[in-house]
Structures are given as structure tokens and as C-alpha cells.
Amino acid sequence: MRLLVTGGAGYIGSVVAAQLVEEGHDVTVLDDLSTGHADAVPEGARFVRGSITDAGGLLAEGFDAVLHFAAKSLVGESVERPGEYWACNLGGTLALLEAMRAAGVPRIVFSSTAAVYGEPERVPIEETDPTRPASPYGASKLAVDTALTAFAGLYGLAAVSLRYFNVAGAYGRFCERHAVETHLIPNVLKVALGERESVSLFGTDYPTEDGTCVRDYLHVADLARAHLLALRACTPGTHRIYNLGNGTGFSVKEVIDVCREVTGRPIPVVVGPRRPGDPAVLVASAEKIKRELGWKPERPGLHEIVADAWEAMLRLRGA
Ligand code: UFG
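In this text the structure is predicted, and so the values were computed from the model without any measurement.

Each value, and the rule that gives it
Residues numbered from 1 in each chain as written. Predicted model: local features only at pLDDT ≥ 70, side-chain atom pairs only at ≥ 80, totals over all residues. Heavy atoms only, no water. Near = heavy atom within 4 Å. Polar contact = N/O pair within 3.5 Å; in protein donor to acceptor, adjacent residues only side chain to side chain. Areas by Shrake-Rupley, 256 points an atom, 1.4 Å probe, with all protein chains shown as cover. Disulfide = S-S within 2.5 Å. Buried < 20%, exposed > 50% of the residue type's maximum accessible area, 1.4 Å probe, protein only. Domains from an automatic or database assignment. Buried area = accessible area lost by both parts, 1.4 Å probe. Salt bridge = Lys/Arg side-chain N within 4 Å of Asp/Glu carboxyl O.

Considering the site of the ligand
- Around the ligand there are 20 residues in total, and Thr-113, His-183, Ser-200, Arg-275 and Asp-278 lie nearest to it.
- Thr-182 places a polar main-chain atom, nitrogen or oxygen, 3.4 Å from an oxygen atom of the ligand.
- Residue Asp-278 places a side-chain N or O atom 2.5 Å away from an oxygen atom belonging to the ligand.
- Relative to its free-state accessible area of 680 Å², the ligand is covered by the protein chains to the extent of 92%.

Let's talk about the state of the cysteines
- Evaluated as defined, the whole model comprises 0 disulfides.
- Note on Cys-259: no disulfide assigned, nearest cysteine sulfur contributed by Cys-175 at a separation of 14 Å.
- Under the relative-accessibility criterion, Cys-259 is labelled buried at 0%.

Points about the domain arrangement of the protein
- When the domains of the protein are assigned, the result is domain 1 (2-168 + 218-244) and domain 2 (170-215 + 247-318).
- Computed from C-alpha atoms alone, the centre-to-centre distance between domain 1 and domain 2 is 23 Å.
- Carbon and sulfur atoms make up 62% of the area that domain 1 and domain 2 hide from each other, which totals about 3200 Å².
- On the surface where domain 1 and domain 2 come into contact, there are 4 salt bridges.
- For Glu-292, the salt bridge goes to Arg-240, with nearest N and O atoms at 3.5 Å.

Structure representation (C-alpha cells):
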């Protein structure tokens, strides 16, 4: 297929673009490099630097589908600067959808998030559970999910939203390298590398077994494969929504211990207050995508997720 990958110079977008190229697709990456890196665009993909708000000319070249990753994705930042999140995540995506419609592009696979659920009433979370986002980030992604349902019903768009839980790990040389890193695993590994003195542990008074937050960590390679399945499953006039996670929770303390085991290095921890907006436990039920699309994680172990992230970080630093 001829595919446009927006945000394909970012962490998850670059892994999906790499897998699409490996599968023999004709891949164009559209990225404004606001947070991505040009050298993360995989070999074999064409790179166009530009914004999703101005993709009409490019889409008019003719594409079979768009895989849409380009977004602002930091929960905390979204609380401080909501306007930017609504403009980019909702405004940008609506502009992209209109441009797709004008160009006759029939399919979209959209990066949605567990943040649409907010503080869950129960775990594991199913797709039919209430959506009560606790941040403008989650709210802006949920608004896009709503728009996709409308576009599917009105215009026959074939749409799939994938609601990611905590994505981690690396795929070959493709790994997380944000200028401002907020995510747990890369931050802990930076301490092991000696790039940070200690890791801050945000809160030890949560109602969990060891008092720290519990999350569902999914290998980026497993997440990426779900996009290839979603692309095949796209049906005109239908908007499908799937959670993506392993279905197993690990506490922040457990993650830090696994990082110590994998790296064999000391990782000092400084306990701090809770980070605003963090739910105590987020664990996915991914039964729907397993049942309907036959998706199955191949690297579900936290050990292998951390080991792959660690190897890619060492490789990037020439170590
Ligand atoms: N944490 C720390 N110290 C750090 C970083 C994180 O203790 O230096 C804790 C957080 O408080 C949280 C857990 O580690 O309890 C995981 O935090 P991340 O920032 O790695 O991930 P989040 O769960 O906050 O967010 C991720 C994605 C969001 C998505 C969300 C949905 O980054 O985009 O999962 O589950 F919306």
C-alpha cells in the first residue's frame, strides 16, 4: 500500500514506519521535527518535513491510508498549556481528516491513548468503560476518537483508534529520545548511564501493594505490529477502537528494580510527592484486539522490554 505516516520521525511512528517498510509498503513520513529526529526516519521511507495542518498537497499525490502519530503527548504539559494541545491534537487532526477527504484517502489508523479513560473505576480497563479524561491531552485525543466515529458514519471513512497504555522498549536502533524526557523507563536508564544523578519517585502513598503507581508496559515492537493488523482490518464506514497493553501491571518500584537487574548498575532513588494527574493503577484489557484481529504480544516480559531499551540507548551513545 501507499502509506503516509505522520509523526514518523518520532519514537513510535519511526518503529511503525520501519515495520511497514519491512513489509514492502511504500512509506512517506510527514513530520515537522518539532519533537522528532530526521535520522529516525527509517531507511527506505521518503521524508517530507511539514505540518499535518498543511498536508493537502502531499495527500493529493494519492495514498491508500494514513497512520497518524503526529501529536503533542505530555500529560503534564497539556495541563499547563491546554491551547497548544487542542490546536495540535484536535485542530491538526481535523485539518488532516478534511484533507484526506478532499484527496479521497479512504483509511486512517490513529494513535489514541489510555489517558482518555482518566481515573478508572476498575482494571483491567475495557474499551466500553467510561471515558473521563483527566487532562487536556486525554480530552483532545478522545475528541479525535469522537470525530473519527462521525467521519466513518458520514463519509465512509475506514478508521481504527489504538489506545496505547505505557509504551517502552526499542526496535533495533529506534528508541525513545525526547529532548525533555518525562517517561519512567528512559529516565531510570539515564541514571544507570550516569546522565542523571537519581530518579525521582513520584509518590509512595498510593493504594497499591508497595504504595507506588502501577502501569501496563508494552513493547514498542508489539505495539507497532498492532498497527499493521489494524491497517488490514480497516473497514469502510466503521470506526474500531482497541486498547493496547499486556494486561499486567508493574509498580514504579518494580520497574526500577528490573532496570537495576538489566543494567547491573546502581540506580539511586529520591522519593518525592505525587505527580498531579497520575492515576494509581492503569492496566489494559487487550482482549478485544486479540479476539478480533488476532494480535498477541511477542515480547510481554518487562525484563526484555527494559533490556531492548537499554541496548538501544547504549548503541545510540556508541557504548
Ligand atoms: N514516574 C516516576 N518518576 C519519573 C517518571 C515517572 O516516578 O521520573 C512515575 C509516574 O508518576 C507514573 C509512572 O512512573 O506513576 C509512569 O509514568 P510515565 O510518565 O512513564 O507514564 P504515564 O503513565 O504518566 O503516561 C503514559 C504516556 C501517556 C499516556 C499514559 C496513559 O506517556 O501519553 O501513559 O496510560 F497517556
